[in-house]
Amino acid sequence: MFKKVLIANRGEIAVRIAATLQEMGITAVGVYSDPDRRAVHVRACDEGYPLSGRTSSETYLRGDKIIEIAKMHGVDAIHPGYGFLSENEDFAQMCHDAGITFIGPSPKVIRDMGDKIIAKTTFAAAGVPVVPGWSGDASADGKALNSEAGRIGYPILVKAAAGGGGKGMRVVEKEADLAAAVEAAQREAGAAFGDSRVFLEKYITRPRHVEIQIFGDAHGNVVHLFERECSIQRRHQKIIEESPSPALTPELRAKMGQAAVTAAKAIGYTNAGTVEFILDPEGNFYFLEVNTRLQVEHPVTELVTHRDLVRAQLHVAAGHPLPFSQDELTQDGHAIECRIYAEDPARGFLPSIGTLGRYIEPRGPGIRVDSGVEQGSEVSVYYDPMLAKLICRGRTREEAIEKTVWALDRYVIMGVTTNVAFLRDVLTHPEFQRGNLHTHFLAEHPIGPSTDEIPRDAWIAAALLSGAASSRGQSLLTATAAPSGPWESAGAWRGP
Ligand code: MV4
């Protein structure tokens, strides 16, 4: 096993990876930008080295600096986390060339999966269901374009080959709009990715987003760790994820798991990955893309399968066989993850920057908080505004929802505006509770910032001021949380 692993990331994921490394007796090496000099993730590591600079491109995206540090300090392997360099095939290759293990799939798999046309063509040939479409040369022949679109049937979705995460997509309702949409998508893709190729797909309206966690080792073994439902998203930013999906029957789950394993085997996938599907109301599912990294939402899978995915990543990266077989894997209970963002729902979800004041995470049985902040942390413009993830497990979906709401009500974050009250409103929405989820849920259900008119912080401040001894923290909050008087009907703070 590795002796020393560098974590090429920051925030909650760097903290989470460091924890598993240390459990395994591996030295955790952190890196940090100037603004992160005092960040939690640096202290969570056993060693920390500066990536002088402020912005991501000056620091966490500088593969050359990171590899130099790794070589200088005798690092065996690099864990890229998610975002930053995690899906950069050149960085993965640079690691190999430097004799350092990149904890993830091979550079070739990363590159091929980055090309949505290659991915789709490969998987369709392997028998994985894909959305009916066309990936010919859209700029060569306008007639072919129109006739292919007619064959697929409108509405059509134009997608960028180099895209993903919704960039460079256009919905087209009728033939008259097709040529212009293709040109616009090509221009956008060219500017964003330096690759203007696009392809057409039948547009599936209001699908669910269901993804399968896959894992492969260097010995040809591939398993799946079931699904995560990630339909609750805003502008391609996931907000709430859960496992199991309320939409899957055991039969559909088995089919989707099998399709994901087939896809992984078709490309010789190693390490952790995710096969994304969309699922229509009739139970038809279609491959969307493969994410060649550990995902933000991996904890929901960990809580229902009782496996440490980072530990498994380290095992297979070190050349060991997978630490679990398909037969050993089961889903036990239900887990929900909420992403806690420093953003203001009342101002169009604009990032909210500042210094964290009072910061108290909820705790209790079945409650996990993965965070990279603490009281005094600076939430800056430089990085993603996600502060933490709250992950709750219950025996049933109802129990997991109840627990999540309970925990959200006890999450104290002062100094910045957060989406905590918004998350609560989603979780208590009748359609969410019924499990009627789809990717347009937030666009179609009016969950307003209006619910946060009396600032939630005001309730907390009131609770803390009413004799709150700091040492008693949240138990005091619990005791004083039932509002009375004129604030009673405000609905911002709900006590037990
Ligand atoms: C689709 C689709 C409907 N039909 N493809 C969005 C990001 C990229 N990963 C693919 N996406 C979609 N592809 C067809 N043929 C709807 C989406 C989509 C979506 C997918 C997953 C999660 C959230 C989404 C939000 C809007 C649209």
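Here, the structure is the one placed above.
Residues numbered from 1 in each chain as written. Predicted model: local features only at pLDDT ≥ 70, side-chain atom pairs only at ≥ 80, totals over all residues. Heavy atoms only, no water.

A few words now on the overall build of the protein chain. Counting its regular elements, the protein chain contains 17 helices and 23 strands. Scaling as 2.2 N^0.38, a compact globule of 496 residues should have a C-alpha radius of gyration of about 23 Å, and the protein chain matches this with 23 Å. Relative to its 496 residues, the protein chain shows a buried fraction of 55%. For the protein chain, the computed accessible surface area is about 20,100 Å², with 50% contributed by carbon and sulfur atoms. (Helix = DSSP H or I, 4+ residues; strand = E, 2+ residues; numbered from the N terminus. Rg over C-alpha atoms; globule rule 2.2 N^0.38 Å. Buried < 20%, exposed > 50% of the residue type's maximum accessible area, 1.4 Å probe, protein only. Areas by Shrake-Rupley, 256 points an atom, 1.4 Å probe, with all protein chains shown as cover.)

Moving on to the nonpolar core. Across soluble globular proteins, nonpolar side chains have a tendency to be buried as a group. Of all hydrophobic cores here, the largest spans 36 residues; its most connected members are Ile232, Ile240, Ile340, Ile413, Val426, Leu427 and Phe432. Broken down by secondary-structure element, the contributors of at least two residues to this core are strand S12 (237-243), strand S15 (334-341), strand S20 (367-371), strand S22 (386-394), helix H12 (397-409), helix H13 (420-427) and helix H15 (441-444). In this structure, Val426 is in contact with Ile232, Ile240, Phe432, Phe441, Leu442 and Ile447, ignoring residues within four places of it in sequence. Listed in part, the 33 residues of the second largest apolar core include Val223, Ala272, Leu294 and Phe324. (Core = buried A, V, L, I, M, F, W, Y, C linked by side-chain atoms within 4.5 Å. Contact = heavy atoms within 4.5 Å.)

Okay, the pattern of salt bridges next. Across all of its chains, the model carries 33 salt bridges by this definition. Note that Asp64 is salt-bridged to Arg62, the shortest N-O span being 2.8 Å. A relative accessible area of 40% means that Asp64 is categorised as partly exposed. Among the ionic pairs, Glu399 bridges to Arg395, the shortest N-O distance being 3.0 Å. On the accessibility criterion, Glu399 (23% relative accessible area) is partly exposed. (Salt bridge = Lys/Arg side-chain N within 4 Å of Asp/Glu carboxyl O.)

The environment of the ligand is made up of 18 residues, and the closest members are Lys159, Glu201, Lys202, Ile204 and Glu289. Between the ligand and Glu201, the relevant distance is 2.9 Å, taken from a nitrogen atom to a side-chain nitrogen or oxygen of the residue. (Near = heavy atom within 4 Å. Polar contact = N/O pair within 3.5 Å; in protein donor to acceptor, adjacent residues only side chain to side chain.)

Pairing is antiparallel across the open sheet formed by 4 strands, whose spatial order is S6-S9-S7-S8. Lying at the two open borders of the sheet, with one neighbouring strand each, are strand S6 (133-134) and strand S8 (170-172). Taken together, the 2 bridges between S6 and strand S9 (residues 198-202) define a ladder with antiparallel strand orientation. Its bridge partner being in S9, Trp134 is matched across the sheet by Leu200. (Pairing = 2+ DSSP bridges.)

Further remarks concern unusual backbone geometry. Negative phi is the rule for most residues except glycine; trans is the rule for most peptide bonds. Residue Pro155 is bonded to the preceding Tyr154 through a cis peptide linkage, with omega at -5°. Within the element layout of this structure, Pro155 appears in the loop between helix H7 (142-152) and strand S7 (156-160). Of note, the amide linkage connecting Ser243 to Pro244 takes the cis form, showing an omega dihedral of -5°. Note that Pro244 resides in the loop between S12 and helix H9 (250-266). Even without a glycine there, the phi angle at Phe226 is positive, about 65°. With respect to the secondary-structure elements, Phe226 resides in strand S11 (residues 222-234).

We now examine the sheet that holds strand S1 (residues 4-7). Pairing is parallel across the open sheet formed by 5 strands, whose spatial order is S3-S2-S1-S4-S5. The open sheet has two free edges, formed respectively by strand S3 (47-50) and strand S5 (101-102), since each of these has just one partner strand. With 4 bridges connecting them, S1 and strand S2 (residues 27-32) associate as parallel partners. Across the sheet, Val5 pairs through a bridge with Ala28, a residue of S2.

Helix H6 (residues 116-126) packs onto helix H5 (residues 107-114) with a crossing angle of 95° between their chain directions and a minimal axis gap of 5 Å. Here H5 is positioned roughly perpendicular relative to H6, judged by the angle of their axes. Residues Asp112, Met113 and Gly114 of H5 touch H6, and the partners they reach there are Lys116, Ile118, Ala119 and Phe123. When grouped by side-chain class, the residues that make up the contact of H5 with H6 number 4 nonpolar, 1 polar and 2 charged. (Axes fitted to C-alpha atoms, helices over the stretch in contact; angles between N-to-C directions. Parallel < 35°, antiparallel > 145°, perpendicular 65-115°, else oblique. Nonpolar A, V, L, I, M, F, W, Y, C, P; charged D, E, K, R; others polar.)

Most of S11 sits out of view: 13 of its 13 residues are buried. Examined bridge by bridge, strand S10 (residues 208-216) and S11 share 6 bridges and lie antiparallel to one another. Looking across to S11, one finds that Gly216 is bridged to Val222. The loop that links S10 with its antiparallel partner S11 comprises 5 residues; one of these, Gly220, has a positive phi angle of about 90°. Note: S11 against S12, 4 bridges, orientation antiparallel. Across the sheet, the residue bridging to Gln233 is Lys238, located in S12. Linkage of S11 to S12, two consecutive antiparallel strands, is achieved through a turn of 2 residues, within which Arg235 is found at a positive phi near 50°.

Before going further, it helps to spend a moment on the pairing of S9. Burial of S9 is extensive: 4 of the 5 residues sit out of reach of the surface. Here 5 bridges tie S7 to S9, and the two strands are oriented antiparallel to one another. Bridge pairing in S9 links Lys159 to Phe199.

Mapped onto the fold, Arg347 is located in the loop between strand S16 (343-344) and strand S17 (350-351). Considering only alpha carbons, one finds Arg347 and Tyr359, 12 residues apart in sequence, at a separation of 23 Å.

Another point: the state of the cysteines. Across all of its chains, the model carries 0 disulfides by this definition. Cys338 forms no disulfide, and the closest cysteine sulfur to it belongs to Cys392, at a distance of 7.2 Å. (Disulfide = S-S within 2.5 Å.)

The tally for this structure, following the rule as stated, stands at 9 aromatic pairs. Between the aromatic rings of Phe123 and Phe287, the centroid separation amounts to 4.8 Å while the plane-to-plane angle is 85°, which identifies the pairing as edge-to-face. Of the two residues, Phe123 is situated in helix H6 and Phe287 in strand S14 (residues 285-291); the sequence distance between them amounts to 164 residues. When the centroid spacing of 6.1 Å and the interplanar angle of 50° are considered together, the rings of Tyr382 and Tyr383 count as tilted. The class for Tyr383 is buried, based on a relative accessible area of 9%. Chaining the aromatic ring pairs together yields one cluster made of Tyr60, Phe84, Tyr382 and Tyr383. Just above the ring of Phe432 sits the side chain of Arg397; from NZ or CZ to the centre is 4.7 Å. (Phe/Tyr/Trp six-rings, centres within 6.5 Å; stacked < 30°, edge-to-face > 60°. Lys NZ or Arg CZ within 6 Å of the ring centre and 35° of its normal.)

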